[in-house]
Amino acid sequence: MFTLGRNMDFSYKTNQMIALSSVLTAAIGWMLTRNVLSGVYIGFGVFLTWALVRELDPKHEYAAFLAAAFSLLNLLYYETVQLLVVVWILVLMRIVNGITGKELTTFDIFSVLGLTTYLSLNNGNSIYLMVFILAMIFSIKAGAKTREALVAGAISIGVIAVDLFFINYLSFNRIDYSNTVSLFLIVLIGLSLIAFWFLSKDETEDDRGNKGNRSKQLASQILYSATVLLLFFFGGASLNNLIIYLSAISGVIIYFIGSKILNRNRSN
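Residues numbered from 1 in each chain as written. Predicted model: local features only at pLDDT ≥ 70, side-chain atom pairs only at ≥ 80, totals over all residues. Heavy atoms only, no water.

Participant: Tell me about the overall build of the protein, residues and numbers included.
Facilitator: Looking only at helices and strands, one finds ten helices and zero strands in the protein. The helix and strand sequence of the protein, counted from the amino end, reads α-α-α-α-α-α-α-α-α-α. With respect to the three principal axes, the spread of C-alpha positions in the protein is 60 × 45 × 40 Å. Each of the 268 residues in the protein was classed as buried or not, and the buried ones make up 46%. Looking at the protein alone, contacts between residues at least 24 apart form 78% of all its contacts between residues at least 6 apart. When the accessible surface of the protein is totalled, it reaches about 13,500 Å², and 65% of it is carbon and sulfur. Across the protein, 19 positive and 15 negative side-chain charges occur, with their mean positions spaced 5 Å apart. (Helix = DSSP H or I, 4+ residues; strand = E, 2+ residues; numbered from the N terminus. Buried < 20%, exposed > 50% of the residue type's maximum accessible area, 1.4 Å probe, protein only. Contact = heavy atoms within 4.5 Å. Areas by Shrake-Rupley, 256 points an atom, 1.4 Å probe, with all protein chains shown as cover. Lys, Arg positive; Asp, Glu negative; His and termini not counted. Charge placed at Lys NZ, Arg CZ, Asp CG, Glu CD.)

See below:
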C-alpha cells in the first residue's frame, strides 16, 4: 500500500557503515549534550543526511558519507532537529523520482498530504503545503497518478484559501535576506542546480534494478533545492536542520567536483 519506503540491506558494507556511524554519533551526542534524546536526534540527523544524498545522487554512494561527515557539525551546537520535516522531504522526493521502483499509489499521495497538512498546522505555516503543491506539479508532469495528484494539489490549495480568507492561522516566517548565511545558502543552491544538471545525465537504477528516469531524477533534485530555499526563507528551519540540508548539498557538490578533477588527472 505504501511504496515510498526503502529497505536497507545490511549485507552491504556501506549500509553497515552508516548504521554504525549513526549509533556512534548518537552516543557522542549523548555525552556532549548530557541528554539521551538529544544524542539520538543527532544520530538520526547523520543517518537522514546520508539518506537525502542517496536520493540526490544515487549513483555515488560515498558522496552520502561525505555529507554525513559534514552533518557532524551538529555535535558542536545542538538545539533541535526537526526529523519529521527531513523525512517529509525524503518521501516528497520519492514521489517524484520513482527511486523505489514501485508504482505510486493513491495511499502514497494522500498519506504524504496528511503529513504535509500536519506540519503546516503544527508549525502554523503554509509553506509546507506550497512545497507539496510543487511536488504534485512535478508528479503530474511525470505522468504518475495524475488524477490523484490533481486532487491532492487542489485540496492543498483549498486549505490555504480557507485559511487565508477565514481563519488566518497559517503564515510565512520571514528572515533577514541580507545576512551572510542567506548569501551562502543562495550561492550553494545555485551551485547545486548546476551539479544536479550534470548528475542527472548519469545512468542510475531504481531499487528493483530497472533503469532510472533521468527527467524524474532531475525534477526531484530541483524539488529538493527549492524546498531547502523555501524552508529557509519562509519555514523557520532550525539551525540543526539547515546543517543537515546544506551538508547534503555540499557532499554532492564537493564529491562531484572532486571526481571530475580526479578523472581528469587520470586521463592526463
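Don't stop here, the text continues.
Participant: Just give me the short version of empty space enclosed by the protein, but keep the residues and values in it.
Facilitator: Applying the stated rule across the entire model yields one cavity of 30 Å³ or more. In this model, the largest cavity occupies a volume close to 30 Å³. Considering the residues around the largest cavity, the lining is formed by Leu56, Asp57, Pro58, Lys59, Leu199, Asp202, Thr204, Gln217 and Gln221. (1 Å grid on protein atoms, 1.4 Å probe; cavity = no way out; pocket = protein on both sides within 12 Å on 5 of 7 lines; lining within 4 Å. Points joined across faces, edges and corners; volume = space filled by probe spheres on them.)

Participant: Go over the side chain of Ser238, please, and point to the residues and values.
Facilitator: Inspection of the secondary structure puts Ser238 in the loop between helix H9 (214-234) and helix H10 (239-267). A relative accessible area of 8% places Ser238 in the buried class. Polar side-chain contacts of Ser238 include one of 2.9 Å to the backbone oxygen of Thr80. (Polar contact = N/O pair within 3.5 Å; in protein donor to acceptor, adjacent residues only side chain to side chain.)

Participant: Let's hear about the side chain of Ser22: which residues, and what values?
Facilitator: With respect to the helices and strands, the residue Ser22 is situated in helix H1 (residues 13-33). In terms of polar contacts, Ser22 uses its side chain to reach the backbone carbonyl oxygen of Ile18, at 2.8 Å. Ignoring anything within four residues of it in the chain, the contact list for Ser22 reads Gly43, Val46 and Phe47.

Participant: Go over a nonpolar patch on the surface, please, and point to the residues and values.
Facilitator: Among the surface-exposed residues, Leu183, Val187, Leu191, Ile194, Trp197 and Phe198 lie close enough to one another that they form a single nonpolar patch of about 600 Å² accessible area. You can see Leu183 is positioned in helix H8 (residues 180-199). (Patch = residues over 30% accessible without salt bridge, like charges linked within 9 Å, V, L, I, M, F, W, Y side chains within 5 Å. Salt bridge = Lys/Arg side-chain N within 4 Å of Asp/Glu carboxyl O.)

Participant: For the packing of helix H6 (residues 127-142) against helix H7 (residues 146-167), give the residues involved together with the corresponding values.
Facilitator: Relative orientation of the contacting elements H6 and H7 amounts to 160°, with a least axis distance of 9 Å. Relative to H7, H6 is oriented roughly antiparallel. Between H6 and H7 lies a crossing of left-handed hand. Taking contact as the criterion, the partners of Leu129, Met130, Phe132, Ile133, Met136, Ser139 and Ile140 in H6 are, on H7, Thr146, Ala149, Leu150, Ala152, Gly153, Ser156, Ile157, Val159 and Ile160. In the contact of H6 with H7, the residues fall into twelve nonpolar, four polar and no charged. (Axes fitted to C-alpha atoms, helices over the stretch in contact; angles between N-to-C directions. Parallel < 35°, antiparallel > 145°, perpendicular 65-115°, else oblique. Left-handed = near helix turned anticlockwise from the far one by under 90°. Nonpolar A, V, L, I, M, F, W, Y, C, P; charged D, E, K, R; others polar.)

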